[in-house]
Amino acid sequence: MTASDALDATRRGRELERAAAETADLLVVGGGITGAGVALDAASRGLRVVLVEAQDLAFGTSRWSSKLVHGGLRYLATGDVATARESAAERHLLMTSIAPHLIRPLPQLLPFLPGVSLRQRAAGAVGMGLGDLLRVQARTPRAVLPPPRPVTAGTARRLVPALEGRGLRGGMLSYDGQLVDDAKLVVTVARTAAAHGARVLTRVRALRLRADGAEVADVVSGERFELRARAVVNATGVWAGGLDGGIAVRPSRGTHLVLDGALLGHPSAALTIPHEGSISRYVFALPQRSGRVVVGLTDEEAPGPVPDVPVPSEAEIAFLLASLNRVVETPVRREQVLGAFAGLRPLIDSGADRTADLSRRHLVAVSDAGFVSVLGGKLTTYRRMAEDAVDLALATQTIAAPPSRTAGLRLVGIDDALARARLSEPAVPIAEGVAVRRADVEYAVRVEGALTADDVLDRRTRIGFVAADRACCLPAVEQLVAEALAEG
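Since we're looking at a predicted model, the values are computed, not measured.

Q: How do you make sense of unusual backbone geometry when you look at a structure like this?
A: The phi angle of most residues is negative, glycine excepted, and most peptide bonds adopt the trans form. Geometrically, the link from glycine 296 to leucine 297 is a cis peptide bond, its omega value of 5° lying close to zero. Note on placement: leucine 297 falls in the loop between strand E14 (292-296) and strand E15 (300-301). A positive phi angle, near 65°, is found at lysine 67, a position not held by glycine. Mapped onto the elements, lysine 67 comes out in the loop between strand E2 (49-53) and strand E3 (68-69). Assessed through its relative accessible area of 2%, lysine 67 is described here as buried. Phi is positive for arginine 203, which is not a glycine, with a value near 55°. Following the sequence through the fold, arginine 203 ends up in the loop between strand E7 (199-202) and strand E8 (204-210).

Here's what the structure looks like:
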């Protein structure tokens, strides 16, 4: 079944031919959250849109985030009120209008323990209060995000059973938004763009960009050809400088650990742990619906060539464990870490001494060649970044179009027919201990644009977070993907 928002191999082949034969209003390069957002913004205005991605949707930075839709506590702590205000406004739209089906409110606990100084407690409490003022300004209801409040030691231990009990003096509880999954958001935005007529083409690499199109290569067939467009947007994140020599990208690596939630007593709230001696940087232990806990994140300089898949360093893993172990009763050991992943933030080089000091504001600019580049920012503000990029591209090429309508445009949900098929199928996982079923793999191929087992394992189901799970599921997933592609 192929619905108007369904992405599959058959649709890709058909639309690749049409894209090569037509002139689009807008060509978008990059299939992360920003590129998908640009495609949706333009397509929902009624423009003819083509999106090309060299690998898979959410292949790069977009799948390596903390999976939070947040209001910017850190930005408030550093005095960057503008970024925090923008984050709170975009969080409001995502949680109330755009994607309430993909986001839930997440309690976050700042514990008052000896390892958290009085200055850090005060700064955290003040920051949470200021963050709540931004929630009020954004008109986010208390029913969506409750206001912060102090909690007792007993409540803190109930929320996070693994907390150190000695010296615990309660804590501050606040709320933020948590995604079901960051890669799922990217795919859903892309599906919504497709429902509005955008041609979403993965495995198509842009080799050179111009103001009126690009030379591209079909990674599957190896064929090279030209794509023509009235305007072009480069949304390739940390790879943006490779297509636009005027962009100075300074990548920063953010690393996360994956733990069994049982190690922390299956917490119902996230832990917020200040870096030693800092009032603006934190480590978070974030419970996931899978029963795992993700601990992150770091902010380390990442010079040199940009890898397809960044690798966490042992020093970063040790730092995250040490931060977590400052506030838990039983230390988590290195051998208990199930997995680790890292992403590269596409920060704009402003000459700061450390990447941690670089602004998280986004940049939208016209290149010397006449196309628009957009980078920086963060996942929470993707919609605003996309709107700004489309506005500039249209103005630069004098293309008439209505204003953006994505602020009130809800993203597509689960395909109803396939969802019913999922419910009727016996809930038998594809491997012991992994809560992924045959229907989930078929859905990834038939609706979410997965073309390979890697797409399913690493970006549609996230089995790949744990190497042992990935290895045991790989044969079954390879077979299911081949069967689903053969059925068409």
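More follows now that the structure is in view.
Q: It is not clear to me how the pattern of salt bridges should be interpreted in this structure. Could you clarify?
A: In the structure shown here, the tally under the stated rule is 41 salt bridges. The residue lysine 184 makes a salt bridge to glutamate 448 at a minimum N-O spacing of 2.7 Å. On the criterion of sequence distance, the pair formed by lysine 184 in helix H7 (residues 182-195) and glutamate 448 in the loop between helix H11 (438-446) and helix H12 (453-460) is long-range, its members being 264 residues apart. Since its relative accessible area comes to 19%, lysine 184 is described here as buried. On the accessibility criterion, glutamate 448 (3% relative accessible area) is buried. Between arginine 438 and glutamate 483 there is a salt bridge, with the nearest N and O atoms lying 2.8 Å from each other.

Q: Explain H7 to me, please; I cannot follow it from the model alone.
A: Within an α-helix, residues lying three or four positions from one another point in the same direction, as the helix has 3.6 residues per turn. Here H7 contains 14 residues, and its C-alpha end-to-end distance of 20 Å stays within 8% of the 20 Å for a straight helix at 1.5 Å per residue. Counting buried residues along H7, 13 of its 14 residues qualify, which places the element largely inside the surrounding structure. Where H7 begins, the capping side chain belongs to aspartate 181, and its oxygen is found 3.1 Å from the backbone nitrogen of alanine 183. Just downstream of H7, glycine 197 is the residue with a positive phi angle, here 100°.

The rules behind each value
Residues numbered from 1 in each chain as written. Predicted model: local features only at pLDDT ≥ 70, side-chain atom pairs only at ≥ 80, totals over all residues. Heavy atoms only, no water. Helix = DSSP H or I, 4+ residues; strand = E, 2+ residues; numbered from the N terminus. Buried < 20%, exposed > 50% of the residue type's maximum accessible area, 1.4 Å probe, protein only. Salt bridge = Lys/Arg side-chain N within 4 Å of Asp/Glu carboxyl O. Expected span 1.5 Å × (residues − 1). Polar contact = N/O pair within 3.5 Å; in protein donor to acceptor, adjacent residues only side chain to side chain.

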